[in-house]
Amino acid sequence: MSLLTAQNVYAGYGEADILQGINLQVGGDEIVVIVGPNGAGKSTAMKAIFGLVPIRQGHIEYVGEDITNQPPERMVARGIAYVPQEANVFPSLSVLENLELGAYSISGDITPRLEKVYEIFPRLRERRQQQAGVMSGGERQMVAMGRALMIEPRLLMLDEPTAGLSPRLIDETFERIREINALGIGVLMVEQNARQALGIANRGYVLAGGANRHEDTGPALLADPDVATMFLGG
Amino acid sequence: MWIEVTQLFLNGLLLGSILALGAVGATMIFGVLRFAHFAHGDLMTMGAYFALLVVVGLNLPVMVALPIAMLMTAALAVGIDQVVYRRIRRVQPVILLISSFATALILRAVVQMIWGSSNQVYATGIQLPWRLGPLTIKPDHVLIFCTATLLVIAVHLFLSRTRMGKAMRAMSDNMNLALITGIPADRVIMWTWAIGGALAAAAGVFLGMDTRLHPVMGWTLLLPVFAATIVGGIGRPYGAIFGGLLIGCAMELSTLIIPGAYKPAVAFAIMILTLIFRPQGIIKGAL
């Protein structure tokens with residue numbers, strides 16, 4: 001059964017809908033990537049799924065239950081974690097505090113969860129007393145993903161996790177995403193580094209103008225000449 | 001000369017600790033709710049009069065009345081939020097600000113209706129000051145300063161050790177991310193009002209112990225309290241403590257060179273200088 005299904009979703013902030021009927025599916029053990037040109041509605045799609053942008057038509061299903069337009073609090077309770085592209089850490093709080101707040105909704109001992117996050121991101125253990133706001137972009141991204149992993153999600157949603165990172169850090173980030181996925185966590189991510197992202201993805205969606213343009217397996221999209229000329233820089 | 005300076009500095013610490021208690025609450029409310037709470041001074045007044053109620057009604061000493069007044073004011077602040085501010089939270093901040101101004105006037109009118117508009121005191125009689133060489137210190141002042149310090153430490157422990165305290169700092173840091181993380185905003189807001197109200201009450205009671213009770217006692221302190229939050233960096237509780245002490249000392253020490261009636265102007269001047277030269281505050285603020 002699929003973990004997440006978005007069916008014919010229309011959503012937007014004001015008068016006009018940014019999303020004009022998108023369809024997405026994420027399986028429980030998949031990495032699914034959304035690519036597309038600027039203004040295609042990639043980030044809006046993520047926000048709409050997570051209940052941050054009102055959906056006017058269509059619906060979102062998560063493990064068979066309708067979760068359309070539910071508040072983020074309920075999404076977190078169901079095991080969906082979302083990492084926005086910008087401002088994704090609490091800057092004046094320490095790394096440890098950022099992670100602790102990730103598990104705010106969890107009652108009981110959170111040490112095992114912390115240990116798991118430290119295993120994936122050993123750097124965070126070293127720097128746990130550091131203020132998140134003064135860390136480098138790559139480290140902040142680790143904090144943001146670590147924060148999201150604290151609820152032990154079944155679905156992790158990442159909005160451009162490699163934006164602004166150096167090539168070496170981009171490789172490392174994709175490697176971490178693969179490790180996270182290997183733990184049995186479904187990953188849905190929006191990426192600008194389309195070529196690399198599709199390289200690790202099971203499936204990919206190309207969005208344009210708020211609607212689906214192409215969908216296929218990662219390798220097939222990479223090989224598609226139309227996709228290549230439009231979105232992958234030739 | 002140095003005796004006078006030291007004496008004024010001690011007075012400044014006293015005033016500063018009272019300002020700090022008000023400023024910590026005001027800055028936390030700003031951090032979480034993004035508006036300057038103009039009724040904060042009148043919450044102090046309410047706190048002071050709640051304590052008077054207990055002191056006169058139950059014939060208890062003022063330090064016993066203090067925690068009761070703090071609880072009552074915390075409840076009042078949460079109640080005001082539920083009745084007034086919660087409904088208009090989603091509109092422009094300026095509307096919240098104006099509403100808080102109206103709330104301030106209502107609170108003051110309530111105090112005048114119930115307790116009248118003349119000066120009142122917790123205890124009559126003269127307290128003999130302690131003499132430390134050439135300096136004089138009132139026992140009450142020591143009591144106020146120590147209790148204020150304990151309260152500030154309690155706030156620090158709350159903010160740094162408890163889940164709710166961390167959630168409060170997180171909301172003040174990044175409201176949107178707090179929402180995404182699943183932090184229950186409504187509960188955090190309630191706690192913010194409760195703590196802000198309790199601290200305001202303590203400030204009011206201390207002010208009443210130091211001088212007298214009067215329906216505008218808190219209102220007149222609002223300006224220095226806001227100055228303290230701005231100097232300390234808006235939304236930063238630790239900055240507000242520092243800002244309060246700085247403004248308090250500056251106000252007292254200014255009487256060396258200018259008439260005492262201009263003390264509030266000193267707070268205002270420091271606030272303006274801060275806004276011109278370091279608008280983010282000494283500790284970088286949320287704005």
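Residues numbered from 1 in each chain as written. Chains lettered and ligands numbered in written order. Predicted model: local features only at pLDDT ≥ 70, side-chain atom pairs only at ≥ 80, totals over all residues. Heavy atoms only, no water.

### Description of the domain arrangement of chain A
All names here are of chain A.
Right, so step 1: Domain boundaries assigned for chain A yield domain 1 (1-79 + 153-161 + 186-234) and domain 2 (84-152).
Right, so step 2: Contact with domain 1, which involves nine residues of that partner, is made by nine residues of domain 2.
Right, so step 3: Counting the surface lost from both domain 1 and domain 2, the interface buries some 810 Å², and carbon and sulfur atoms represent 67% of this.
Right, so step 4: One can count zero salt bridges joining domain 1 with domain 2.
Right, so step 5: For the pair domain 1 and domain 2, the number of links is zero residue pairs in polar contact (both at pLDDT 80 or more).
Right, so step 6: Considering every element that reaches the side of domain 1 that touches domain 2, the biggest residue donor is strand β7 (residues 155-159), with three residues.
Right, so step 7: Here the residues of the side of domain 1 that touches domain 2 are counted per class, giving five nonpolar, one polar and three charged. (Domains from an automatic or database assignment. Contact = heavy atoms within 4.5 Å. Buried area = accessible area lost by both parts, 1.4 Å probe. Salt bridge = Lys/Arg side-chain N within 4 Å of Asp/Glu carboxyl O. Polar contact = N/O pair within 3.5 Å; in protein donor to acceptor, adjacent residues only side chain to side chain. Helix = DSSP H or I, 4+ residues; strand = E, 2+ residues; numbered from the N terminus. Nonpolar A, V, L, I, M, F, W, Y, C, P; charged D, E, K, R; others polar.)

### Some words on the sheet that holds strand β4 (residues 55-62) of chain A
All names here are of chain A.
Right, so step 1: Taken in spatial order, the four strands of this open sheet run β2-β1-β4-β5, and their pairing is antiparallel. Two strands lie at the open edges of the sheet, namely β2 (19-27) and β5 (65-66), each paired on one side alone.
Right, so step 2: Across six bridges, strand β1 (residues 2-11) lies against β4 in antiparallel orientation. The partner of L4 across the bridge, within β4, is Y62. (Pairing = 2+ DSSP bridges.)

### Concerning unusual backbone geometry
Residues and elements named next belong to chain A.
Right, so step 1: Of note, N69 is a non-glycine position whose phi angle comes to about 60°, a positive value.
Right, so step 2: Along the chain, the position of N69 falls in the loop between β5 and α2 (72-78).
Right, so step 3: Taking the relative accessible area as the measure of exposure, N69 reaches 39% and is therefore partly exposed.
Right, so step 4: Despite not being glycine, E152 shows a phi value in the positive range, around 50°.
Right, so step 5: Overall, the relative accessible area of 36% leaves E152 in the partly exposed class. (Buried < 20%, exposed > 50% of the residue type's maximum accessible area, 1.4 Å probe, protein only.)

### Regarding the packing of helix α3 (residues 62-85) of chain B against helix α8 (residues 185-210) of chain B
All names here are of chain B.
Right, so step 1: One can describe the packing of α3 onto α8 by two numbers: an axis separation of 7 Å at closest approach and a directional angle of 135°. Put simply, α3 runs oblique to α8. Crossing handedness for the pair α3 and α8: right-handed. In contact with V62, M63, L66, A69, M70, T73, A74, A77, V78, D81, Q82 and Y85 of α3, α8 contributes I189, M190, W193, A194, G197, A198, A201, A202, V205, F206 and M209. (Axes fitted to C-alpha atoms, helices over the stretch in contact; angles between N-to-C directions. Parallel < 35°, antiparallel > 145°, perpendicular 65-115°, else oblique. Left-handed = near helix turned anticlockwise from the far one by under 90°.)

### Some words on the sheet that holds strand β8 (residues 186-190) of chain A
All names here are of chain A.
Right, so step 1: Taken in spatial order, the six strands make up an open sheet running β6-β7-β8-β3-β9-β10, and their pairing is mixed. Looking at strand neighbours, the two that pair on one side only are β6 (80-83) and β10 (211-217), the edges of this open sheet. Neighbour to neighbour, the strand axes of the sheet diverge by 15° on average, direction disregarded.
Right, so step 2: Taken together, the six bridges between strand β9 (residues 203-208) and β10 define a ladder with antiparallel strand orientation. Note that in β10 the partner of Y205 across the bridge is E215.
Right, so step 3: Where helix α1 (residues 42-49) meets the sheet, its contacts fall on β3 (31-35), β6, β7, β8 and β9, and the angle it forms with β8 comes to roughly 140°.

### So, the nonpolar core
Right, so step 1: With 93 residues, the main nonpolar core has L21(B), Y122(B), M168(B), I183(B), W193(B), F206(B) and I247(B) as its most contacted residues.
Right, so step 2: Residues within four places of W193(B) in sequence aside, it is in contact with I29(B), L33(B), F35(B), H37(B), A77(B), V78(B), D81(B), Y85(B) and R89(B).
Right, so step 3: Counting 80 residues, the second-largest nonpolar core is a separate cluster that includes I31(A), V33(A), M46(A) and A148(A). (Core = buried A, V, L, I, M, F, W, Y, C linked by side-chain atoms within 4.5 Å.)

### Thoughts on the environment of F90(A)
Right, so step 1: Relative to the elements of secondary structure, F90(A) occurs in the loop between β6 and α3 (95-102).
Right, so step 2: For the pair formed by F90(A) and L165(A), sequence separation is 75 residues and the distance between their alpha carbons is 19 Å.
Right, so step 3: Here F90(A) is in contact with N98(A), L101(A), A132(A), A170(B), D173(B), N174(B), L177(B), A178(B), T181(B) and I183(B), once residues within four sequence places are set aside.

### Some details on the interface of chain A and chain B
Right, so step 1: Residue-level contacts link 22 residues of chain A with 19 residues of chain B.
Right, so step 2: Interface of chain A and chain B: buried area, both sides summed, is about 1,800 Å²; carbon and sulfur atoms make up 61% of it.
Right, so step 3: It is F90(A), L101(A) and Y104(A) in chain A that bury the most area against chain B; as a group they hold 37% of the surface buried on that side.
Right, so step 4: Counting across the chain A and chain B interface gives two salt bridges.
Right, so step 5: Residue K166(B) pairs with E100(A) through a salt bridge whose shortest N-O separation is 2.5 Å.
Right, so step 6: Run the count over chain A and chain B and you get six residue pairs in polar contact (both at pLDDT 80 or more).
Right, so step 7: Every element with two or more residues in the side of chain A that touches chain B is listed here: α2 and α3 of chain A.
Right, so step 8: The class makeup of the residues in the side of chain A that touches chain B is 15 nonpolar, three polar and four charged.

### Quick look at α3(B)
Right, so step 1: Those residues of α3(B) not exposed but buried are V62(B), A65(B), L66(B), A69(B), M70(B), T73(B), A74(B), A77(B), V78(B), I80(B), D81(B) and Y85(B).
Right, so step 2: Buried residues along α3(B) sit against α2 (40-57), α4 (93-115), α5 (139-161) and α8 of chain B.

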